[in-house]
Amino acid sequence: MAAPAIQAVAGRFGPYGGRYVPETLVAALDELDHAYAEAQADPDFHLRLDSLLRDYAGRPTPLYFASRLTEALGGAKIYLKREDLLHTGAHKINNCLGQALLAVRMGKKRIIAETGAGQHGVATATVCALFGLECVVYMGEEDMERQQLNVYRMRMLGAEVRGVSSGSRTLKDAINEAMRDWVTNVRTTHYLLGSVLGAHPYPTMVRDFHRVISREARAQILEKENRLPTAIIACVGGGSNAIGAFYEFIPDKDVRLIGVEAGGRGPALGDHAARFSGGSPGVLQGTYSYVLQDDAGQIALTHSVSAGLDYASIGPEHAALHDSGRAEYTSATDAEALDATLRLARTEGIIPALESAHAIAECIRVAPKMSPRDVVIVNVSGRGDKDMGILVRELQLGGR
Ligand SMILES: *Cc1c(COP(=O)(O)O)cnc(C)c1O
């Protein structure tokens, strides 16, 4: 945003996080913070959310032992946490149901959201239909081209999709437009942010709505293996599926937490979205975290074959986990993600989202170096149906 008044308040993860927003949004963020704290303390809120997660979204998701992939890689036992089986095809519905319930509590009738891959837009349009809320989704025009099917799904669900033609015509530009809308319509409107990004309380609140992933996975692996895993691997765009998959394991110091960023076409600035290898601390869209930027602090362009990982910043809690060394961050290239997609499809009959394929790619690298006594959990954040256009082109599936 242009020249924001800087206001740093609660919601810090070490030095990261905070609230760097124009004055006009402070009251709205405070209102949200209070409503969220009240909801957290209200057993009725949790009952309603749990019942929606179970009966509407399809939780708990299975923890599936991938025996053929395990055998093919010849090392650690590999389990897949199947967030791809949730309603709408990705983990994002966890957060959308939580925030929609909160919006209703706050008496907001209009929801706005930004979307990159279109998955968050679809999940938002879905919960708005479910709760009878007006829905406007901002989406970069480049992403609208890459993810056409999701545009049609949102319209089918009654949402208005507003194309954004400024900047790189991707996620960061869509977030700028959504922020502008929120400043203008803040009294009637809830901004349903799609990842662990933005000003406080979003990174904390969105993380809490995804904690269910690791709460389930921890209980499931204890039941199946009677031990904790050696490692959890998750892809990291904004970082919501990863923090959800990591969170309940953070106190278990022997469990490695491995986040996988988009290595794109290669290490040059502009060719990837690997914030920890190519970025440095800075402020983007309300929060202080690692950012891909040039020497003048201008936000760099990013690239990934997966629209959901194609973003210049990363959730502030990941920045703190990175600096403390509690979590490790690596990257997988476009080519490695495409290979991993094919590998999982052919060994297990599961076509993962290209985002999730980055986590599979890291698993393919590390599992063979481990022993059969090791156990690895890969979070499969979403399914690959939305990516079939790209897969047809990149893996040459067309023709006769
Ligand atoms: C949006 C998306 C991501 C990236 O978002 P995070 O907040 O990093 O989880 C990853 N996987 C899928 C399937 C997505 O739709």
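Residues numbered from 1 in each chain as written. Predicted model: local features only at pLDDT ≥ 70, side-chain atom pairs only at ≥ 80, totals over all residues. Heavy atoms only, no water.

A word on the pairing of strand S11 (residues 280–284)
In step 1: Looking at chain direction, S11 and strand S12 (residues 287–291) are connected through 5 bridges and run antiparallel. Opposite leucine 284, over in S12, you have threonine 287 as the bridge partner.
In step 2: Here S11 folds back onto S12, and the loop between the two strands holds 2 residues, one of which, glutamine 285, carries a positive phi near 50 degrees. (Pairing = 2+ DSSP bridges. Helix = DSSP H or I, 4+ residues; strand = E, 2+ residues; numbered from the N terminus.)

Notes on the confidence of the model for the protein
In step 1: In the predicted model, the protein carries a mean pLDDT of 95, and the fraction of residues at 70 or more is 98%.
In step 2: Here residues 1–9 is a poorly scored stretch, pLDDT under 50, and it has 17 contacts once near neighbours within four places are set aside; other chains count. (pLDDT = per-residue confidence, 0-100. Contact = heavy atoms within 4.5 Å.)

Digging into empty space enclosed by the protein
In step 1: Scanning all chains against the criterion turns up 4 cavities of 30 Å³ or more.
In step 2: The computed volume of the largest cavity comes to approximately 340 Å³.
In step 3: Taken together, 29 residues make up the lining of the largest cavity; nearest its centre are Lys92, Gly194, Ser195, Gly238 and Gly308.
In step 4: Listing elements by their share of the lining of the largest cavity, those giving two or more residues are strand S5 (110–115), helix H5 (119–131), helix H8 (171–185) and helix H11 (240–246).
In step 5: Within the lining of the largest cavity, the residues separate by chemical class into 10 nonpolar, 15 polar and 4 charged. (1 Å grid on protein atoms, 1.4 Å probe; cavity = no way out; pocket = protein on both sides within 12 Å on 5 of 7 lines; lining within 4 Å. Points joined across faces, edges and corners; volume = space filled by probe spheres on them. Nonpolar A, V, L, I, M, F, W, Y, C, P; charged D, E, K, R; others polar.)

A closer look at helix H4 (residues 92–105)
Within an α-helix, residues lying three or four positions from one another point in the same direction, as the helix has 3.6 residues per turn.
In step 1: Between the first and last C-alpha of H4 there are 20 Å, a value that for 14 residues agrees with the 20 Å anticipated at 1.5 Å per step.
In step 2: Counting buried positions along H4 yields 12 of 14 residues, so the element is predominantly enclosed.
In step 3: Those residues of H4 that fall on the buried side of the exposure criterion are Lys92, Ile93, Asn94, Asn95, Cys96, Leu97, Gly98, Gln99, Ala100, Leu101, Leu102 and Ala103. (Expected span 1.5 Å × (residues − 1). Buried < 20%, exposed > 50% of the residue type's maximum accessible area, 1.4 Å probe, protein only.)

With respect to the sheet that holds strand S10 (residues 256–264)
In step 1: With mixed pairing, the 6 strands of this open sheet are ordered in space as S3-S4-S14-S9-S10-S13. Lying at the two open borders of the sheet, with one neighbouring strand each, are strand S3 (63–65) and strand S13 (327–333). Direction aside, neighbouring strands of the sheet carry axes that sit 25 degrees apart on average.
In step 2: Across 3 bridges, strand S9 (residues 231–235) lies against strand S14 (residues 375–380) in parallel orientation. Paired with alanine 231 across the two strands is valine 376, which belongs to S14.
In step 3: Contacts between helix H10 (residues 212–225) and the sheet are confined to S3, strand S4 (77–82) and S14, with S4 contributing the most and set at about 140 degrees to the helix. (Axes fitted to C-alpha atoms, helices over the stretch in contact; angles between N-to-C directions.)

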